[in-house]
Amino acid sequence: MKEIYRLSEFERGDFYFLSNKIVLNQTIRQKDFSECSIRQVNFSNCIFDWTSFPCTKCEDLTFERCILQNASFKKSELENCIFKNCQLTNINFARSDLMNFDFINCKLNDVYFSAGQLTDLKFDNSQLQDVWFSGSLLDNVKIKNSTLEKIRFDGAEAYKETYKNGVLTTSRTPINDYTSFLKEIS
């Protein structure tokens with residue numbers, strides 16, 4: 001059973017590993033959780049403001065009805081994360097490895113996925129504005145039933161693996177804009 005946790009009261013160095021917790025109705029402002037490991041934590045109705053998680057390793061996180069603004073996950077490893085009914089504004093995922101992410105009914109504005117490795121990301125029923133994928137390696141990134149405005153792909157590459165006659169072939173195709181992105185994912 002997950003324990004309810006008061007993350008808003010903790011400072012950098014108070015923990016290095018956080019696991020199996022529920023964080024409810026908290027404002028987490030101007031906190032630095034650099035180089036922490038966070039697993040199996042559910043955040044609900046939380047506000048993250050000027051909070052940084054650089055160089056963290058995060059697995060199995062769920063964010064529901066949360067507001068994340070002015071936050072950084074730069075150079076982090078994040079796996080199996082779900083954002084549902086969230087607002088993300090001015091978020092930095094630069095040079096991060098993201099795997100198995102779902103953004104469901106979210107609003108993303110000024111979000112930077114630049115120079116990262118993005119694997120199995122899904123944006124569904126979301127609004128993306130000023131989102132940067134520049135310089136990233138995109139492997140199975142899907143955007144459906146979403147509105148897009150000012151999306152940047154310059155320098156991004158789509159990664160594909162294909163099997164033909166028992167031989168695995170990998171390729172990287174440059175993505176310059178949303179049209180070329182759509183062509184590669186279909």
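What counts as what
- Residues numbered from 1 in each chain as written.
- Predicted model: local features only at pLDDT ≥ 70, side-chain atom pairs only at ≥ 80, totals over all residues.
- Heavy atoms only, no water.
- Helix = DSSP H or I, 4+ residues; strand = E, 2+ residues; numbered from the N terminus.
- Rg over C-alpha atoms; globule rule 2.2 N^0.38 Å.
- Buried < 20%, exposed > 50% of the residue type's maximum accessible area, 1.4 Å probe, protein only.
- Contact = heavy atoms within 4.5 Å.
- Areas by Shrake-Rupley, 256 points an atom, 1.4 Å probe, with all protein chains shown as cover.
- Lys, Arg positive; Asp, Glu negative; His and termini not counted.
- Charge placed at Lys NZ, Arg CZ, Asp CG, Glu CD.
- Salt bridge = Lys/Arg side-chain N within 4 Å of Asp/Glu carboxyl O.
- Pairing = 2+ DSSP bridges.
- Core = buried A, V, L, I, M, F, W, Y, C linked by side-chain atoms within 4.5 Å.
- Phe/Tyr/Trp six-rings, centres within 6.5 Å; stacked < 30°, edge-to-face > 60°.

Engineer: Quick rundown of the overall build of the protein chain? Include the residues and the values.
Structural biologist: Helix and strand counts for the protein chain stand at one helix and 18 strands. Taken over the C-alpha trace, the protein chain has a radius of gyration of 17 Å; the compact-globule value for 186 residues is 16 Å, and the two agree within 12%. Put simply, the protein chain has 186 residues, and 42% of those count as buried. Partitioning the contacts of the protein chain with sequence separation of at least 6, the portion at a separation of at least 24 is 4%. A total accessible area of about 9700 Å² is found for the protein chain, and carbon and sulfur atoms account for 45% of it. Placing the 23 positive and 25 negative side-chain charges of the protein chain at their respective mean positions leaves the two points 2 Å apart.

Engineer: A description of the pattern of salt bridges should follow, citing residues and the corresponding values.
Structural biologist: Enumeration according to the criterion identifies six salt bridges in this entry. We note a salt bridge from Arg39 to Glu59, for which the minimum N-O separation is 3.9 Å. One end of the pair, Arg39, is in strand E4 (residues 37–44); the other, Glu59, is in strand E6 (residues 57–64), with 20 residues separating them in the sequence. Relative accessible area serves as the criterion here: at 26%, Arg39 is assigned to the partly exposed category. Ionic pairing is found between Asp154 and Arg152, a salt bridge with its closest N-O pair at 3.0 Å.

Engineer: Report on the pairing of E4, specifying residues and quantitative values.
Structural biologist: Here strand E2 (residues 17–24) runs beside E4; their pairing, made up of seven bridges, is parallel. Of the residues in E4, the one forming a bridge with Leu18 is Ile38. The sheet contact formed by E4 and E6 spans seven bridges and is parallel. Across the sheet, the residue bridging to Arg39 is Glu59, located in E6.

Engineer: Can you explain the environment of Gln87? Please cite residues and give values.
Structural biologist: Among the secondary structure elements, Gln87 is positioned in strand E9 (residues 87–92). A sequence separation of 55 residues divides Gln87 from Asp32, and the C-alpha atoms of the two residues are 20 Å apart. Ignoring sequence-local partners within four residues, the contact set of Gln87 consists of Cys66, Ile67, Leu68 and Lys107.

Engineer: Tell me about the environment of Glu161, and name the residues and values.
Structural biologist: For Glu161, the location among the structural elements is in strand E17 (residues 156–164). For the pair Glu161 and Tyr178, spaced 17 residues apart in sequence, the C-alpha to C-alpha distance is 21 Å. Residues in contact with Glu161, not counting those within four places in the same chain, are Leu168, Thr169 and Thr170.

Engineer: Residues and numbers for the nonpolar core, please.
Structural biologist: Core analysis: the largest hydrophobic core is formed by 49 residues, its most contacted members being Phe83, Leu88, Phe103, Phe113 and Phe123. Among all residues touching Phe123, those that are not within four sequence positions of it are Phe103, Leu108, Phe113, Leu128, Phe133, Val141, Lys142, Ile143, Lys144 and Ser146.

Engineer: With reference to specific residues and values, describe the packing of aromatic side chains.
Structural biologist: By the definition in use, this model includes 21 aromatic pairs. Pairing Phe103 with Phe113 gives two aromatic rings, centres 6.2 Å apart and planes at 75°, and the pair type is edge-to-face. A residue pair is termed long-range when its members are at least 10 positions apart, and Phe103 in strand E10 (residues 97–104) and Phe113 in the loop between strand E11 (107–112) and strand E12 (117–124) qualify at ten residues. What makes Phe103 buried here is its relative accessible area of 0%. Its relative accessible area of 0% is what places Phe113 among the buried residues.

Engineer: Provide a residue-level description of the pairing of strand E13 (residues 127–132), including the pertinent values.
Structural biologist: Regular strands show a simple pattern: their side chains alternate between the two faces of the sheet. Strand direction decides the pairing type here: E11 and E13, joined by five bridges, are parallel. Following the sheet pairing, Asn109 is matched in E13 by Gln129. Alignment of E13 against strand E16 (residues 147–152), held across five bridges, turns out to be parallel. Residue pairing across strands places Gln129 opposite Glu149, the latter belonging to E16.

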